[in-house]
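For reference, the chains in residue letters:
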Amino acid sequence: MTQDTTPDIDLALFGALGDLALRKLYTALYHLDRDGLLGASTRILGLARQDIDAEAFRQRVQQALKKHVKTALLEKTCLERFIARLDYLQLDFATVEGYDAIARWRKDVERPMTVYLAVPASIYGDICRNLSASGSLDEQTRVVVEKPIGYDLESSRQINDAIGEAFPESRIYRIDHYLGKETVQNLIALRFANPLFGNQWNQNQISHVEITVAEQVGIEGRWGYFDKAGQLRDMVQNHLLQLLCLIAMDPPSNLDADAIRDEKVKVLKALKPFTQETIGRDVVRGQYIAGSINGESVPGYLEEEGANTESRTETFVAMKTEVSNWRWAGVPFYLRTGKRMPEKLSQIVIHFRQQPHYIFDPDQRDLAANKLIIRLQPEEGIALQVLTKDGGLDKGMRLRPGPLHLDFNSAFPKSRIPDAYERLLLEVMKGQQYLFVRRDEVEYAWRWCDQLIEGWKARDMPPRRYPAGSWGPVASIAMITQDGRSWYEDY
Ligand code: BG6
C-alpha cells in the first residue's frame, strides 16, 4: 500500500456514455493523470451502443470534464494529454459480434487490461460471457463492477456466478464507493494506529454507536431503479454495513486485502438477525412527502417524475442492531439513512461509557461521557468531545463539553481530498483489492438484509411519512429515545 508508480494498463470502459462514466469516471481519471498517477502509456477504450466515432467521443468526454472539473484544475496540456488516451468502440453488449474489435485494439500490446462495467448488473453476465467467448481476456485481465450486486441473496449469487465464470475472485473488483472515501479509510488508521482508541474499542468502554448517512438529494431521475430497491438495498446493504464493519471489526493481522476482508466478514456474520418483535420495535421505514429544503419547496416521493403513486418503497430507514460477539455484546448500533434530509451528512458517533463513579453536579450526569465524532462528509474531520470545567468564578465545578477538533481541510490545507473514484481506480490499476468488496461480504450483507425485508413483508406495514427537509419520521426519534438516548446533533 505504499505509493509506488502506477503500471500502464488498457482500460475498457463499458457504459462509456452513461451517467457514472460522464459524471465520475473521466473526472477521476483526469485528476489521476494531472497528479502524475496514470501510467504514461495507459489508454482508455470507451464502449457504448451509440454510433459515434472516436472524435465525437473525445468531444463528449471533454464536455463532461468541463462540467465536472474545477476550471482552475483544467489545464490545457493535461487535458490534451488525457483526451489523447481515449478511443471509442461502438458495441452491442448483448451479442458476441463486435467483441473481437477489443483484441484488435489491443494487438501487439503487452500491458494488462482492466474491464470496467459501468452498466446495470443485469448485463454483467452477458458482457463477461462475450468477453470470454471472443478471446478478449487473458490471465491478467481484471474486472471492475459497481453496486448494486443483485436485489437479494439469490440474484447476487447469480450475478457473482456469471462474473466468476470469466474471472477468478482475485481479479474481481467490486466497488462500494464509500470505501474509496479518504475519511472512510481513515477509520482504519484511527482505530489501528492510535493506542488511545485501540484499547477503548469494546463493550467495556463504548455504550453505543450511531451511524448516520443523510442525503439532501431525492431520487434525481432514478425513480425506476430506486423504487425497486429502496433505501435499505440502495444504502444500507452496502455503504452503511461497510461503515459498520470498519467500526466493529477486529484488528486484521496486516493490511492485506484478505486479512481486512476476513475481519469484515466476521462482523457481517455476527449481525443479530431481526425477529418480528424487534422489527416492530427497532426498525423504522419512512417515505418523504412534499416539504422544503433550504427554503425551496420540493415534491414528495410519490410526486417525483415517473412515480407510481401507490409505491410503498422506503426512502428512509433507521434501525437498532447489534454485533453479537465478545467485543460488542450489548452495544447497540443505531443506523439511519434517508433521502431529502435537511442536509448532506455522513457521520459516525462513538459514545463512550460514563465513569464508574460520578462526583460532579447530579443534574449534569447525562453530559458526563466522551464522544468521538467522525465526520465523513461534508467537511471531513474528527472531533473528540471532552468535558472540562466551565470557566468563571461563578461556575464552581460545573462541567462543559467541548471538542478536540481535527478539521482535515484546515489541518492539511494543501491536500485536495480526492474523490472516492480516484482512489479506487488507482488501486485497481495497482492490483490492490483491500478497498473492494469480496463475494462473501456481498452475500452475508444480503442474507442479513433479506431476512429484514421478509419481516417487513410479513408485517405488511406501509412506510411512515416524513416531510422532505426533516430528519425522518418521528418514530425514528422515538426508537432511540425509548433507550434513553438521542441522535447526536451538534458537530
Ligand atoms: C449511491 C446510491 O450508491 O450512493 C445513491 O445509489 C446515493 O442513491 C449515493 O445517493 C450517495 O453517495 P454519496 O457519495 O453522495 O454519499
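Reference entry: report on the structure contained in this document. Fair warning: this is a prediction, and the values are worked out from it, not measured in the lab.

Turning next to the overall build of the protein. Helix and strand counts for the protein stand at 15 helices and 17 strands. In summary, the protein has a C-alpha radius of gyration of 24 Å against a globular reference of 23 Å for 491 residues, a match within 12%. Expressed as a percentage of its 491 residues, the buried residues of the protein come to 54%. Considering only contacts within the protein whose residues lie at least 6 apart along the sequence, 78% involve residues at least 24 apart.

With that settled, consider unusual backbone geometry. Cis geometry marks the peptide bond from Lys 147 to Pro 148; its omega dihedral reads -5°. The omega torsion across Gln 377 and Pro 378 is -10°, close enough to zero to call that bond cis. Mapping Pro 378 onto the fold places it in the loop between strand E14 (371–377) and strand E15 (381–389). The phi torsion at Glu 220 lies on the positive side, around 50°, for a residue other than glycine. You can see Glu 220 is positioned in the loop between strand E7 (206–214) and helix H9 (223–248).

When you line up the elements, Arg 233 lands in helix H9. Buried charge without a salt bridge: Arg 233, with Asp 450 as the nearest opposite-charge side chain at an N-O distance of 5.7 Å. Within the structure, the side chain of Arg 233 is placed 2.8 Å from the backbone oxygen of Tyr 151, a separation counted as a polar contact.

Here we take up the sheet that holds strand E13 (residues 345–352). Strands sit in the order E16-E15-E14-E13-E7-E12-E11-E8-E17 across an open sheet of 9 strands; the sheet is mixed. Each edge of the open sheet carries a strand with a single partner, namely strand E16 (399–407) and strand E17 (464–467). The sheet shows a mean angle of 20° between the axes of neighbouring strands, taken without regard to direction. Sheet topology places strand E11 (residues 316–321) next to strand E12 (residues 333–338); 6 bridges connect them, and they run antiparallel. Within the sheet, the bridge partner assigned to Ala 318 lies in E12 and is Arg 336. Packing of H9 onto the sheet brings it into contact with E7, E11, E12, E13 and E14, and relative to E12 it is tilted by some 145°. On top of the sheet, helix H15 (residues 474–481) reaches strand E8 (283–289), E11, E12 and E17; it is set at about 10° to E11, its chief contact.

What follows concerns the sheet that holds strand E2 (residues 43–48). With parallel pairing, 6 strands are arranged side by side in an open sheet as E3-E2-E1-E4-E5-E6. A strand with exactly one partner marks an edge of an open sheet, and here the two such strands are strand E3 (86–90) and strand E6 (172–175). Neighbour to neighbour, the strand axes of the sheet diverge by 20° on average, direction disregarded. Taken together, the 4 bridges between strand E5 (residues 142–146) and E6 define a ladder with parallel strand orientation. Across the sheet, residue Glu 146 finds its bridge partner in E6, namely Ile 175. Against the sheet, helix H5 (residues 124–133) contacts strand E1 (10–14), strand E4 (113–117) and E5, and its axis sits at roughly 155° relative to E4.

Around the ligand, the structure places Lys 147, His 177, Tyr 178, Lys 181, Glu 215, Arg 222, Asp 234, Met 235, His 239, Lys 339, Lys 344 and Gln 377. One of the side-chain nitrogen or oxygen atoms of His 239 is found 2.7 Å away from an oxygen atom of the ligand. Separating an oxygen atom of the ligand from a side-chain N or O atom of Gln 377 is a distance of 2.7 Å. Coverage of the ligand by the protein amounts to 80% of the 400 Å² it exposes when considered alone. Top contributing element to the shell around the ligand by residue count: H9, with 3 residues. Classifying every residue of the shell around the ligand gives 2 nonpolar, 3 polar and 7 charged.

What counts and what doesn't
- Position labels on residues start from 1 in each chain and follow its written sequence.
- Since the coordinates come from a predicted model, pLDDT governs what is reported: local features require at least 70, and pairs of side-chain atoms require 80 or more to be given and counted, while whole-chain, interface and lining totals use all residues.
- Only heavy atoms go into the side-chain values, all of them from the structure, while hydrogens and water stay out.
- Every helix listed is a DSSP run of H or I at least four residues long, and every strand listed is a run of E at least two residues long, numbered separately from the N terminus.
- We compute the radius of gyration from the C-alpha atoms alone; for a globule the expected value is 2.2 Å times N to the 0.38, where N is the number of residues.
- Only protein chains enter the area calculation, which uses a 1.4 Å probe; residues under 20% of their type maximum are buried, those over 50% are exposed, and those in between are partly exposed.
- Here, two residues are considered to be in contact whenever any of their heavy atoms come within 4.5 Å of each other.
- Neither His nor the chain ends is counted toward charge; the positive residues are Lys and Arg and the negative residues Asp and Glu.
- The salt bridge criterion pairs a side-chain nitrogen of Lys or Arg with a carboxyl oxygen of Asp or Glu, the two atoms within 4 Å.
- Counted as a polar contact is a pair of N or O atoms within 3.5 Å, where, for protein atoms, one must be capable of donating a hydrogen and the other of accepting one, and residues adjacent in sequence contribute only when both atoms are in side chains.
- Pairing between strands requires that DSSP locate at least two bridges from one strand to the other.
- To obtain each axis, a line is fitted to C-alpha atoms, and for helices this fit is confined to the stretch in contact; angles are then taken between N-to-C directions over 0 to 180 degrees.
- One heavy atom suffices: a residue is near a molecule or strand as soon as one of its heavy atoms comes within 4 Å of it.
- Only the protein chains shown count as cover for residues, and the accessible areas themselves come from Shrake-Rupley with a 1.4 Å probe.
- In the scheme used here, Gly and all other residues not listed as nonpolar or charged are polar, with Ala, Val, Leu, Ile, Met, Phe, Trp, Tyr, Cys and Pro taken as nonpolar and Asp, Glu, Lys and Arg as charged.

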